Amino acid sequence: MIHIARLDSLQQRVGEELAVGDWVTVDQPMIDKFAEATGDHQWIHIDTERAKQGPFGTTIAHGFLTLSLLPRLAETAMKVDDVRMGVNYGLNRVRFPAPVPSGSRLRARMKLLAYEPIDGGAQLTMQVTMEREGGDKPVCVAETLSRRYL
């Protein structure tokens, strides 16, 4: 976890990797809860016996479950001390280059792509690359937009 004292100091860090978060385990109970919450009960996610015969040899996390972990992973990576509130403003692009097998550990690398001053704070565009421990490709690459308020 890195601490950045002032939001406006990020203007000079555009183009830099700012932080790498902690590892988070994506286990079958998490996948099952996500399936229940979203109604996405595709066998590749929840049927452990059938998934053994599938293309990955095990169940895999939903792409949207992987994406939904972004706030959790980012929270372990970086804190801007003078920010009182942050909001998710959206996404420009999301890709899932590799699957997330049940039991995988993921973490996020955060690179600042743009800093735009707004009333009361700044809009940050970040490239978040989620990697799987032992994996050779990222499991998610997302360009996120967030607004941080002082």
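The notes below deal with the structure included here. (Residues numbered from 1 in each chain as written. Predicted model: local features only at pLDDT ≥ 70, side-chain atom pairs only at ≥ 80, totals over all residues. Heavy atoms only, no water.)

1. Overview of the overall build of the protein
Using the following cut-off: Secondary structure elements follow DSSP: runs of H or I of four or more residues count as helices, runs of E of two or more count as strands, with numbering from the N terminus. Residue burial is assigned from relative accessible area. The probe radius is 1.4 Å, only protein chains are included, and a residue is buried under 20% of its type maximum, exposed over 50%, and partly exposed in between. Contact criterion: two residues are considered in contact whenever any of their non-hydrogen atoms come within 4.5 Å of each other. In this tally, Lys and Arg are treated as positive and Asp and Glu as negative; His is ignored, and so are the chain termini. To locate a charge, take atom NZ for lysine, CZ for arginine, CG for aspartate or CD for glutamate.
Counting its regular elements, the protein contains 5 helices and 8 strands. For the protein, with 150 residues in total, the buried portion stands at 42%. For the protein, the proportion of contacts with a sequence separation of at least 24, taken over those separated by at least 6, is 72%. Both charge centroids of the protein, one from 18 positive and one from 19 negative side chains, sit 2 Å from each other.

2. Some points on helix 1 (residues 28–38)
Using the following cut-off: Working note: the arc is built from the helix axis to C-beta atom directions.
Buried within helix 1 are the following residues: Q28, M30, I31, F34 and A35. Buried positions in helix 1, seen along its axis, are confined to an arc of 160° and lie on one side of it. Residues of helix 1 that are exposed and angled more than 90 degrees away from the buried face: K33, E36 and A37. Those residues of helix 1 that are buried are in contact with strand 3 (24–26), helix 2 (43–46), helix 3 (48–52), helix 4 (63–68) and helix 5 (70–75). The positive-phi residue at the C-terminal boundary of helix 1 is G39, with phi of around 80°.

3. Regarding the pattern of salt bridges
Quick reminder of the rule: Whenever Lys or Arg places a side-chain nitrogen within 4 Å of a carboxyl oxygen from Asp or Glu, that contact is recorded as a salt bridge.
This structure, assessed with the given rule, holds 7 salt bridges. Put simply, R6 and D8 hold a salt bridge, and the shortest N to O gap is 2.7 Å. The exposure class of R6 is partly exposed, given its relative accessible area of 47%. Measuring nitrogen to oxygen at the nearest pair gives 3.1 Å for the salt bridge that ties K52 to E49. Taken together, the residues span about one helical turn, with K52 and E49 both in helix 3 at a distance of 3 residues. A relative accessible area of 51% means that E49 is categorised as exposed. Each of E17, R107, R109 and E131 takes part in a single network of salt bridges with overlapping partners.

4. Brief notes about the side chain of Q28
The line we're drawing: Within 3.5 Å is the distance limit for a polar contact, defined as a pair of N or O atoms, with the added protein rule that one can donate a hydrogen and the other accept it, and that residues adjacent in sequence qualify only through two side-chain atoms.
Here Q28 is to be found in helix 1. Looking at Q28, its side chain comes within polar contact range of the side chain of T59, at 2.4 Å. Filtering out sequence-adjacent residues up to four positions away, Q28 remains in contact with H45, I46, T48, T59 and S102.

Keep in mind these numbers describe shape, not what the thing actually does.
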